[in-house]
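The primary structure of each chain is shown beneath.
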Amino acid sequence: MFSKKRASAAAAIAAGAALVLAGCAGGSGETPDAAPTFDPDQEVTLDLAFWGNDVRAELYNEAIAAFNEEYPNITVNSTFLTFPEFWEKRQTEAAGGNLPDVMQFDYSYLRQYSENGLLLDLDPYLGSIIETDPLPQNILDIGVVNDTTYGITTSTNAWGLFTNPVLLEQAGVEQFEGGSWEDYTDWMGEVTDGAGGAFWGGGDYTGRIQNFELQLRSEGKNLFDEDGTPGFDEERLTEFWESGAPIREDGIGVPQQRVEEVAPKGAFDSALTASELTWDNFGAGYLAGLGEGYTELGLIAPPVTEEGAKDLYLKPSMLHTISSQTEHPEAAATLVNFLVNSPESGEIFGTNRGLPASETALDAAELDPLSQQVKDYEASIADRLGDAPPVPIVGYGTLEEKFRQLGTELGFGTVTVEDAVSQFFSEMDVVLNQ
């Protein structure tokens, strides 16, 4: 029997890795009664941490220089690491109560850090220091946990269907025109037949938890509600995984063995498949992986489970947060506002952090053709965009990875759907009851 418990204290922050944080509520950044303001004459030093590479670091240096032209009395000391190292460092700092003042933040960890009292309540700064007019309400709501705003979204992406025009032409098949999941499976079969064994129409989409989420949202449910209650039972998950059987067993989808052979690249950017369901900001990486001879991609809406459903949503590529222990909350909020909303940030970063969420920053960003395609795509799915789901539960990363692993085993035929469902619910029971 599956049981649940509110996920609140400690859990995994990365697939397969557990992180226990000491609660650090309170701190000098206490919530003011009146709308806060920053005194520009105050001499302040802030620490800023982000993940990325040398290219992103140089962009942050440019942004900080522009920020200092307007706020010369705020000294910003920035540091960056790769994504895994970034979160290892935050773990150590969280345990010691000395997180950086301002942090680039990943959506998957927002609930964990906020429920442990490690992040500053940003609501008092919204509409005053942090401008809200350039940020639509559904974007602002992304950073809310338990009715409190802890993060400001810098950029967004949405779930989409990439296609490869070169391979479709070789297979003699037109672009997928939309329709149900069954229609998409049939279309993949046409591509596979037309390719004559050179490539496949796609892969088994039931191996991705996001496609399951999409179907659940069309039914008015979430993967997990705010309190950790799952929006599905064993029967519903069984139905989903069984729907992928024709793709796995009838030769429609790329064989799992071929996928493993090209790792760490994927089947789509190895030209083994003509379509891929994923986040819309993956396009640049796909083109780079495909290399010479591939200059563009198709990007269209995913299959439809129920017409008129608000099944899609905008997900943050990243957010900015402030430590609850900061000694300078007003100055930190001023920096966050600049990094998210200023025209200078849009001009400097462009789409390096994803498509800017702020209309002010987006208007100032110079978009390359692929970035413009993503912008146009997100505009095209406006009628399908609903409210973002609750911030991921603590331990979501572990469950997402388990779902992927079981999808791989289903592809190899080393596990039955019945056993896969049993294993996933056992894992879910452990995660939700930590």
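Residues numbered from 1 in each chain as written. Predicted model: local features only at pLDDT ≥ 70, side-chain atom pairs only at ≥ 80, totals over all residues. Heavy atoms only, no water.

**Q** Even after reading the chapter, I still don't get the overall build of the protein, so can you show me in this structure?
**A** When helices and strands are counted, the protein shows 17 helices and 13 strands. In terms of overall dimensions, the protein is globule-like: its C-alpha atoms have a radius of gyration of 22 Å, near the 22 Å expected for 434 residues. Seen through its C-alpha atoms, the protein measures out along the principal axes to roughly 70 × 50 × 40 Å. Per-residue burial over the protein gives 54% buried out of 434 residues. (Helix = DSSP H or I, 4+ residues; strand = E, 2+ residues; numbered from the N terminus. Rg over C-alpha atoms; globule rule 2.2 N^0.38 Å. Buried < 20%, exposed > 50% of the residue type's maximum accessible area, 1.4 Å probe, protein only.)

**Q** What am I meant to see in the sheet that holds strand S9 (residues 159-163) here?
**A** Paired through backbone hydrogen bonds, the strands of a sheet run either parallel or antiparallel to each other. The antiparallel open sheet is built from three strands, whose spatial order is S10-S9-S11. The sheet terminates laterally at strand S10 (275-279) and strand S11 (298-300), the two strands that pair on one side only. Each neighbouring strand pair of the sheet contributes to a mean axis angle of 30°, computed without reference to strand direction. In the packing of helix H15 (residues 369-380) onto the sheet, the strands contacted are S9 and S11, and the crossing angle to S11 comes to about 20°. (Pairing = 2+ DSSP bridges. Axes fitted to C-alpha atoms, helices over the stretch in contact; angles between N-to-C directions. Contact = heavy atoms within 4.5 Å.)

**Q** Would you mind showing me how to read the pattern of salt bridges here?
**A** Opposite charge on two side chains lets them pair, provided their charged atoms get close. As enumerated under the stated definition, the model contains nine salt bridges in all. The closest approach of N and O atoms between Glu 93 and Arg 90, which form a salt bridge, is 2.6 Å. Taken as a pair, Glu 93 and Arg 90 lie in helix H2 (residues 83-96) at a separation of three residues, close to a single helical turn. Under the relative-accessibility criterion, Glu 93 is labelled buried at 11%. For Arg 90, a relative accessible area of 3% corresponds to the buried category. Among the salt bridges present, the one from Arg 236 reaches Glu 219, with a minimum N-O distance of 2.9 Å. Taken together, the positions of Arg 236 in helix H8 (residues 234-243) and Glu 219 in the loop between helix H7 (209-218) and H8 put the pair 17 residues apart, joining distant regions of the chain. (Salt bridge = Lys/Arg side-chain N within 4 Å of Asp/Glu carboxyl O.)

**Q** Got a minute to help me understand the packing of aromatic side chains in this structure?
**A** Geometry of an aromatic ring pair is reported as the spacing of the ring centres plus the angle between the planes. Using the criterion set out here, one finds 36 aromatic pairs in the structure. Aromatic pair Phe 38 and Tyr 71: ring centres 6.2 Å apart, planes at 65°, arrangement edge-to-face. Taken together, the residues Phe 38 in the loop between strand S2 (17-19) and strand S3 (44-51) and Tyr 71 in the loop between helix H1 (54-70) and strand S4 (74-81) connect sequence positions 33 residues apart. For the ring pair Phe 212 and Phe 240, a centre distance of 4.9 Å and an interplane angle of 35° mean the geometry is tilted. Remark: Phe 240 occurs in helix H8 and Phe 212 occurs in helix H7; sequence separation between them is 28 residues. Each member of the pair Phe 212 and Phe 240 is classed as buried. Each residue in the set Phe 212, Phe 224, Phe 232, Phe 240, Trp 241, Phe 403, Phe 424 and Phe 425 is aromatic and connected to the rest through ring pairs, giving one cluster. Across from the ring centre of Phe 86, 4.4 Å away, lies the NZ or CZ of Arg 90, which sits over that ring. When the ring centre of Phe 349 is taken as reference, the NZ or CZ atom of Arg 353 above it lies at 3.8 Å. (Phe/Tyr/Trp six-rings, centres within 6.5 Å; stacked < 30°, edge-to-face > 60°. Lys NZ or Arg CZ within 6 Å of the ring centre and 35° of its normal.)

**Q** Looking at this structure, how should I read the sheet that holds strand S13 (residues 355-356)?
**A** Strand order in this open sheet of six strands is S4-S3-S5-S12-S8-S13, and the pairing throughout is mixed. The open sheet has two free edges, formed respectively by S4 and S13, since each of these has just one partner strand. Judged from the two bridges that link them, S3 and strand S5 (residues 102-105) form a sheet pairing that is parallel. For Leu 48, the partnering residue across the bridge sits in S5 and is Val 102. Sitting on the sheet, H1 touches S3, S4, S5 and strand S12 (315-322), and the angle it makes with S4 is about 170°.

**Q** I tried to follow the confidence of the model for the protein on my own but got confused; where do I start?
**A** As a general rule, the predicted coordinates of low-pLDDT regions are not to be interpreted in detail. Mean pLDDT over the protein: 91, with 92% of residues reaching 70 or higher. Confidence over residues 1-32 falls short of pLDDT 50; this stretch has 89 contacts with residues more than four positions distant or in other chains. (pLDDT = per-residue confidence, 0-100.)

**Q** Is there a simple way to think about helix H12 (residues 329-341) in this case?
**A** For an α-helix, the turn length of 3.6 residues means that residues three or four places apart are oriented alike. Here H12 contains 13 residues, and its C-alpha end-to-end distance of 18 Å stays within 8% of the 18 Å for a straight helix at 1.5 Å per residue. Of all the 13 residues making up H12, 12 are buried; the element is thus mostly covered by neighbouring parts of the structure. Listing the buried residues of H12 in full gives Pro 329, Ala 331, Ala 332, Ala 333, Thr 334, Leu 335, Val 336, Asn 337, Phe 338, Leu 339, Val 340 and Asn 341. (Expected span 1.5 Å × (residues − 1).)

**Q** Quick question: what am I supposed to make of helix H11 (residues 283-290) here?
**A** Regarding H11, the residues found buried are Gly 283, Tyr 286, Leu 287 and Leu 290. For H11, the buried positions fall inside an angular range of 95° around the axis, keeping them on one side. Taken from the residues just after H11, Gly 291 is the one with a positive phi, measuring 80°. (Arc of directions from axis to C-beta.)

**Q** What's the story with a negative patch on the surface in this structure? I'm lost.
**A** Together, Glu 69, Glu 70, Glu 344, Glu 347, Glu 366 and Asp 368 make up a region of like negative charge exposed at the surface. By the element assignment, Asp 368 lies in the loop between helix H14 (359-364) and H15. (Patch = residues over 30% accessible without salt bridge, like charges linked within 9 Å, V, L, I, M, F, W, Y side chains within 5 Å. Areas by Shrake-Rupley, 256 points an atom, 1.4 Å probe, with all protein chains shown as cover. Lys, Arg positive; Asp, Glu negative; His and termini not counted. Charge placed at Lys NZ, Arg CZ, Asp CG, Glu CD.)

**Q** How should I be thinking about the side chain of Gln 210 in this particular structure?
**A** By the secondary structure assignment, Gln 210 is in helix H7. In terms of polar contacts, Gln 210 uses its side chain to reach the side chain of Glu 400, at 2.8 Å. Residues within four places of Gln 210 in sequence aside, it is in contact with Trp 159, Trp 279, Tyr 396 and Glu 400. (Polar contact = N/O pair within 3.5 Å; in protein donor to acceptor, adjacent residues only side chain to side chain.)

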